Amino acid sequence: ELMIVVAIIGILAAVAIPQYQNYVARAQLAEPISFIGGYKTALEDYIAQNGEFPQSAAAIGNIISVDNAASIASVGVTGVNPNSTAGAIEATLQTSANGMNGQIAGKKIVWTRNASGGWSCGTNAAADYAPNSCKYNASI
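All values derive from a computational prediction rather than experimental measurement.

**Q** Account for the packing of aromatic side chains, with residues named and values stated.
**A** Evaluated as defined, the whole model comprises 2 aromatic pairs. For the ring pair Phe53 and Trp119, a centre distance of 6.4 Å and an interplane angle of 55 degrees mean the geometry is tilted. Placement of the pair is Phe53 in the loop between helix H2 (39–50) and strand S1 (72–79) and Trp119 in strand S4 (residues 119–123), with a sequence separation of 66 residues. Given the relative accessible area of 0%, Phe53 is considered buried. The lysine or arginine in question, Lys40, covers the ring of Trp111, its NZ or CZ lying 4.0 Å from the ring centre.

Okay, structure coming up:
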């Protein structure tokens, strides 16, 4: 009887551990998506004051800081072209050596603004890990 119980626990563990890793990856990907999404307000303010999307992060000073997001290695801002209100915020996630799940380590998240003011989120992390609000895009 004890061997049967041990076998059942072993089978359950073999199924549960990979599922747990998937949940960890989803949670780790959701945090930087929402963190970077918070910069949209600051960029909208910049666009309202200057009439264009900033061409680089240097143009907006230290509005973007990843000090509070342990999952983000770097953040960049890129305008489509001068005098355009379209552009993107791109974040690169930490490596697995820094605690990220191997399935999403080093992947990118890009919030893109079109000229009419609409924002969309994309990531090159596998679609299994990306939330519905941030679509999988292999070309990122």
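Let's pick the thread back up.
**Q** Tell me about the nonpolar core, residues and numbers included.
**A** Counting residues in each nonpolar core, the largest one holds 25 residues, and the members touching the most others are Leu29, Ile33, Ile36, Ile104 and Ile109. Sorting the residues of this core by element identifies helix H1 (2–37), H2, S1, strand S2 (87–93) and strand S3 (108–113) as the ones contributing at least two each. In this view, Leu29 contacts Leu93, Ile104, Ile109, Thr123, Ala125, Tyr129, Ala130 and Pro131; residues no more than four positions away in its chain are not counted.

**Q** How would you sum up the pattern of salt bridges? Please name residues and give values.
**A** The full count for this structure, using the stated rule, is 2 salt bridges. One salt bridge in this structure joins Arg113 and Glu44, with 2.8 Å as the shortest N-O distance. Here Arg113 is found in strand S3, whereas its partner Glu44 is found in helix H2, with 69 residues between them in sequence. Among the residues examined, Arg113 registers a relative accessible area of 7% and is labelled buried.

**Q** Report on H1, specifying residues and quantitative values.
**A** In this model H1 runs 52 Å from its N-terminal to its C-terminal C-alpha over 36 residues, within 8% of the 52 Å that 1.5 Å per residue would give. What H1 keeps buried is the set Ala25, Gln28, Leu29, Pro32, Ile33, Ile36 and Gly37. Those residues of H1 that are buried are in contact with H2, S1, S2, S3 and S4.

Conventions and cut-offs
- Residues numbered from 1 in each chain as written.
- Predicted model: local features only at pLDDT ≥ 70, side-chain atom pairs only at ≥ 80, totals over all residues.
- Heavy atoms only, no water.
- Phe/Tyr/Trp six-rings, centres within 6.5 Å; stacked < 30°, edge-to-face > 60°.
- Helix = DSSP H or I, 4+ residues; strand = E, 2+ residues; numbered from the N terminus.
- Buried < 20%, exposed > 50% of the residue type's maximum accessible area, 1.4 Å probe, protein only.
- Lys NZ or Arg CZ within 6 Å of the ring centre and 35° of its normal.
- Core = buried A, V, L, I, M, F, W, Y, C linked by side-chain atoms within 4.5 Å.
- Contact = heavy atoms within 4.5 Å.
- Salt bridge = Lys/Arg side-chain N within 4 Å of Asp/Glu carboxyl O.
- Expected span 1.5 Å × (residues − 1).

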